[in-house]
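Here is how the chains run, residue by residue.
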Amino acid sequence: MSDDTLDNAIYDTVVMGTGLVESIVASQIAATTATAATDTATDTATDTARVLHIDRNPYYGGTSACFSFSAFVDWATKHRDTRQTPFRFHIDESSASTATDCIPLLDRLLTDDRRYSLELAPKLALCRGPMIDLLINEGIGDYVQFKGVEHNYLVRDAQLDRVPETKEDVFASTSLSLIEKRKLMRLLSVVADDDQCQRLLDEASLAGEEDFAMFLQNRFRLDGKLLDAVMYAVARVGYRQKISAVDGCGRVRKYIKAMGRYGRMAYLCAMYGGASELSQAFCRLCAVSGGTYILDVANASVSKCPDNEGLYSVNMPGYGTVRTRSIVMDPAYDPKGAVSETNAVSRAFGILETAVLGDDTTALLCHVDDASKQTTSMLYMTSATMAVPRGQAIVYAWAEGRLCFDKQRQLQNALNSVCSNAVCLFTAFFEVNQIVCSDPEYLGTGIPDSTIGFDSAVEQALELSARLENKLRVI
């Protein structure tokens, strides 16, 4: 586009940032009938809402972006000292003992540069979950390729215990005793049956067993590794975290019912970089509905129109100034936004020279550290999802909280539990902080949270979309 191409244009919504939540919102609003595009004489809709979707970066995805190796290093350098993503990375000393050793190692990584798909915020989609349902409902399921997550591991003291998920897994397991198999089979059967589960929950409530761990211990006689597997690897409860029996059973039920839709697995992993690929899919849907896209828009600013209350002015150097009735933004675009001191997610990943858990395997892991009393979510990926060159693997680890010394040690211990039998070619640590918009009229999104799935992102996006749709119809 030439300079000032969009000058004085009016849009129903301007979306700033191409993260997953922003992209879903843009696609939903672009298909919405707006009051501004309604023939007031007949009160019939004649067009859909006009959406302008911009990003300051030359790529899609925002804080969920996916990079080649060189692009990741560029991103790291750019964000090293910014408020949103304080960052640090290093070459593993075991594979590069001197400064000169780093050069051939980096050359090797750069040789396969385009074969790396390094995610800032890896996540998975439940086979029967809101993300898959949304893709199907919007008719864009073919835009993204998925691979099943074959294994789920509980990791403790550098020991990986595979969690049996189906009845077949339970019967075939050699690590469970006959009594443990019966306990687990009963749990799977009862929780999958809504009526049976509700009766047990009612009984537990009358007995004062509101806590999920207590419910599992008293009603199913689970203890030890079996209890930990259900709590940490299936329900994804934090270390000794107390949740209600109703919430816990709901989590286990979602996990069980997700299996069987596309195979024996409960989760699907998007290929070529999960959330980033999904963001682009929803952006394409928005564009098909008439949305306008501009990437690499530096220094865009928002202000209220002094001559027209209710409208915002968005100035984009090189493209002109547009007006809009509503703003949806990644809060990082707000120069006056306040950085949260408590809401942050610390992340790490390690590129392994060998695929220690299998070359064609994708696995979900939960690392339990009894010393620090922490649990860490982990994801193992290989060339099967186009994450790394063939023969290598990548392990992601993340947890809530700022990247202090203890948090980095927690993530490092989690990586070591899987990487101990392989050379780690490259390790990175960084944190992403939530920013709160300065103006409540801006519909701010947020950073990818510490959960393993897309549920919260879809929920937030649909909630913001509903609020915007009501606003566009009322104005």
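Everything here concerns the structure above.
This report concerns the structure included in the present document.

Reading the values: the criteria
Residues numbered from 1 in each chain as written. Predicted model: local features only at pLDDT ≥ 70, side-chain atom pairs only at ≥ 80, totals over all residues. Heavy atoms only, no water. Helix = DSSP H or I, 4+ residues; strand = E, 2+ residues; numbered from the N terminus. Rg over C-alpha atoms; globule rule 2.2 N^0.38 Å. Buried < 20%, exposed > 50% of the residue type's maximum accessible area, 1.4 Å probe, protein only. Contact = heavy atoms within 4.5 Å. Areas by Shrake-Rupley, 256 points an atom, 1.4 Å probe, with all protein chains shown as cover. Lys, Arg positive; Asp, Glu negative; His and termini not counted. Charge placed at Lys NZ, Arg CZ, Asp CG, Glu CD. Pairing = 2+ DSSP bridges. Axes fitted to C-alpha atoms, helices over the stretch in contact; angles between N-to-C directions. Parallel < 35°, antiparallel > 145°, perpendicular 65-115°, else oblique. Salt bridge = Lys/Arg side-chain N within 4 Å of Asp/Glu carboxyl O. Core = buried A, V, L, I, M, F, W, Y, C linked by side-chain atoms within 4.5 Å. Phe/Tyr/Trp six-rings, centres within 6.5 Å; stacked < 30°, edge-to-face > 60°. Lys NZ or Arg CZ within 6 Å of the ring centre and 35° of its normal. Left-handed = near helix turned anticlockwise from the far one by under 90°. Nonpolar A, V, L, I, M, F, W, Y, C, P; charged D, E, K, R; others polar. Expected span 1.5 Å × (residues − 1). Arc of directions from axis to C-beta. Polar contact = N/O pair within 3.5 Å; in protein donor to acceptor, adjacent residues only side chain to side chain.

1. Focus: the overall build of the chain
Now for step 1: Assigned secondary structure in the chain consists of 13 helices and 24 strands.
Now for step 2: Taken over the C-alpha trace, the chain has a radius of gyration of 24 Å; the compact-globule value for 475 residues is 23 Å, and the two agree within 12%.
Now for step 3: Along the first, second and third principal axes, the C-alpha set of the chain runs to 75 × 65 × 40 Å.
Now for step 4: Relative to its full complement of 475 residues, the chain shows a buried share of 55%.
Now for step 5: Sequence-distant contacts in the chain: of pairs separated by 6 or more residues, those separated by 24 or more amount to 72%.
Now for step 6: Accessible area for the chain stands at about 20600 Å²; split by element, carbon and sulfur atoms hold 49% of it.
Now for step 7: Charge separation in the chain, taken as the distance between the mean sites of 46 positive and 61 negative side-chain charges, equals 5 Å.

2. Looking at the sheet that holds strand 15 (residues 301-304)
Now for step 1: A sheet is described by the order of its strands in space; here four strands give the open sequence 1-17-16-15, paired in mixed fashion. Pairing within the sheet leaves two strands with one partner each, and these edge strands are strand 1 (10-11) and strand 15.
Now for step 2: In the sheet, strand 15 pairs with strand 16 (residues 312-316) via four bridges, with the strands oriented antiparallel. Across the sheet, the residue bridging to Ser-301 is Asn-315, located in strand 16.

3. Quick word on the packing of helix 6 (residues 178-192) against helix 7 (residues 194-206)
Axis angle and axis distance: for two packed helices, these are the angle between their axes and the distance between the axes, and together they describe the pair.
Now for step 1: Interaxial distance between helix 6 and helix 7 falls to 5 Å at its minimum, and their mutual angle equals 100°. Compared by their axis directions, helix 6 and helix 7 come out roughly perpendicular. When helix 6 is examined against helix 7, the residues Arg-186, Val-190, Val-191 and Ala-192 are found in contact with a partner set consisting of Asp-194, Gln-196, Cys-197 and Leu-200.

4. Regarding the pattern of salt bridges
Now for step 1: Summed over the entire model, instances satisfying the criterion amount to 21 salt bridges.
Now for step 2: Taking the shortest distance from any N to any O, the salt bridge between Arg-409 and Asp-406 comes out at 3.2 Å. Within this pair, Arg-409 and its partner Asp-406 are both found in helix 12 (residues 405-419), separated by three residues, close to a single helical turn.
Now for step 3: Since its relative accessible area comes to 47%, Asp-406 is described here as partly exposed.

5. Details of the nonpolar core
Now for step 1: Grouped together as the largest cluster of nonpolar side chains are 114 residues, with contacts concentrated most on Met-131, Phe-212, Phe-215 and Leu-216.
Now for step 2: At eight residues, helix 9 (residues 224-234) tops the list of elements feeding residues into this core.
Now for step 3: Setting aside residues no more than four positions away along its own chain, Phe-212 makes contact with Val-230, Met-231, Ala-235, Ile-243, Ser-244, Ala-245, Gly-248, Cys-249 and Val-252.
Now for step 4: Residues Ala-355, Ala-363, Ala-393 and Leu-411 belong to the second largest nonpolar core, which totals 22 residues.

6. Some thoughts on the sheet that holds strand 18 (residues 327-329)
Now for step 1: Pairing in this open sheet of five strands is parallel, and the strands run 14-5-2-18-24 from one edge to the other. Two strands lie at the open edges of the sheet, namely strand 14 (292-294) and strand 24 (443-444), each paired on one side alone.
Now for step 2: Inspection of the sheet shows strand 2 (residues 13-16) paired to strand 5 (residues 51-54) by four bridges, in the parallel sense. Of the residues in strand 5, the one forming a bridge with Thr-13 is Val-51.
Now for step 3: Here helix 1 (residues 20-30) sits on the sheet in contact with strand 2, strand 5, strand 14 and strand 18, set at roughly 160° to strand 5.

7. Structural notes on the side chain of Thr-375
Now for step 1: Looking at the secondary structure, you find Thr-375 in strand 21 (residues 374-382).
Now for step 2: Residue classification places Thr-375 among the buried positions, given a relative accessible area of 17%.
Now for step 3: Look past the residues within four positions of Thr-375 in its chain and what remains in contact with it is Tyr-232, Val-237, Gly-238, Tyr-239, Cys-366, His-367, Val-368, Ala-399 and Gln-410.

8. Side note on the packing of aromatic side chains
Now for step 1: Enumeration according to the criterion identifies 15 aromatic pairs in this entry.
Now for step 2: Centre to centre, the rings of Tyr-232 and Tyr-239 are 6.2 Å apart; their planes meet at 5°, and the pair counts as stacked.
Now for step 3: Given the relative accessible area of 16%, Tyr-239 is considered buried.
Now for step 4: Three or more aromatic residues joined by ring pairs make a cluster, and in this case those are Tyr-59, Phe-67, Phe-69, Phe-72, Trp-75, Tyr-116, Phe-349, Tyr-396, Phe-426 and Phe-430.
Now for step 5: Sitting over the ring of Tyr-11, Arg-50 keeps its end group 4.5 Å from the ring centre.
Now for step 6: Arg-240 extends its terminal NZ or CZ atom over the ring of Tyr-239, reaching a point 4.8 Å from the ring centre.

9. With respect to the packing of helix 7 against helix 10 (residues 245-258)
Now for step 1: Closest axis-to-axis distance for the helix 7/helix 10 pair is 11 Å, and the angle between their directions is 160°. One element, helix 7, and the other, helix 10, form an angle in the roughly antiparallel class. Helix-helix and strand crossings are classified by hand; for helix 7 and helix 10 the assignment is right-handed. Contacts from Asp-194, Cys-197 and Leu-201 of helix 7 reach helix 10 at Ala-245, Val-246, Cys-249, Arg-253 and Lys-257.
Now for step 2: Here the residues of the contact of helix 7 with helix 10 are counted per class, giving five nonpolar, no polar and three charged.

10. Focus: helix 12
Each α-helix winds once per 3.6 residues, and so residues spaced three or four apart point in a common direction.
Now for step 1: Between its first and last C-alpha, helix 12 extends 20 Å over 15 residues, near the 21 Å set by a 1.5 Å rise per residue.
Now for step 2: Listing the buried residues of helix 12 in full gives Lys-407, Gln-408, Gln-410, Leu-411, Ala-414, Leu-415, Ser-417, Val-418 and Cys-419.

11. So, unusual backbone geometry
Now for step 1: One non-glycine residue, Asp-296, lies in the positive phi region at around 60°.
Now for step 2: The exposure class assigned to Asp-296 is partly exposed, which follows from its relative accessible area of 48%.
Now for step 3: Its identity as a non-glycine residue notwithstanding, Met-386 has a phi of 60°, on the positive side.
Now for step 4: By the secondary structure assignment, Met-386 is in the loop between strand 21 and strand 22 (393-400).
Now for step 5: On the basis of relative accessible area, Met-386 is assigned to the partly exposed category, the value being 36%.

12. Describing helix 8 (residues 212-220)
Now for step 1: Taken together, the buried positions of helix 8 are Phe-212, Ala-213, Phe-215, Leu-216 and Phe-220. The arc that holds every buried residue of helix 8, seen down its axis, measures 160°, which confines them to one face.
Now for step 2: On its buried side, helix 8 packs onto helix 6, helix 7, helix 9 and helix 10.
Now for step 3: The N-capping residue of helix 8, defined by a side-chain oxygen 3.3 Å from the backbone nitrogen of Ala-213, is Asp-211.
Now for step 4: Looking at the residues trailing helix 8, positive phi occurs at Arg-221, about 60°.

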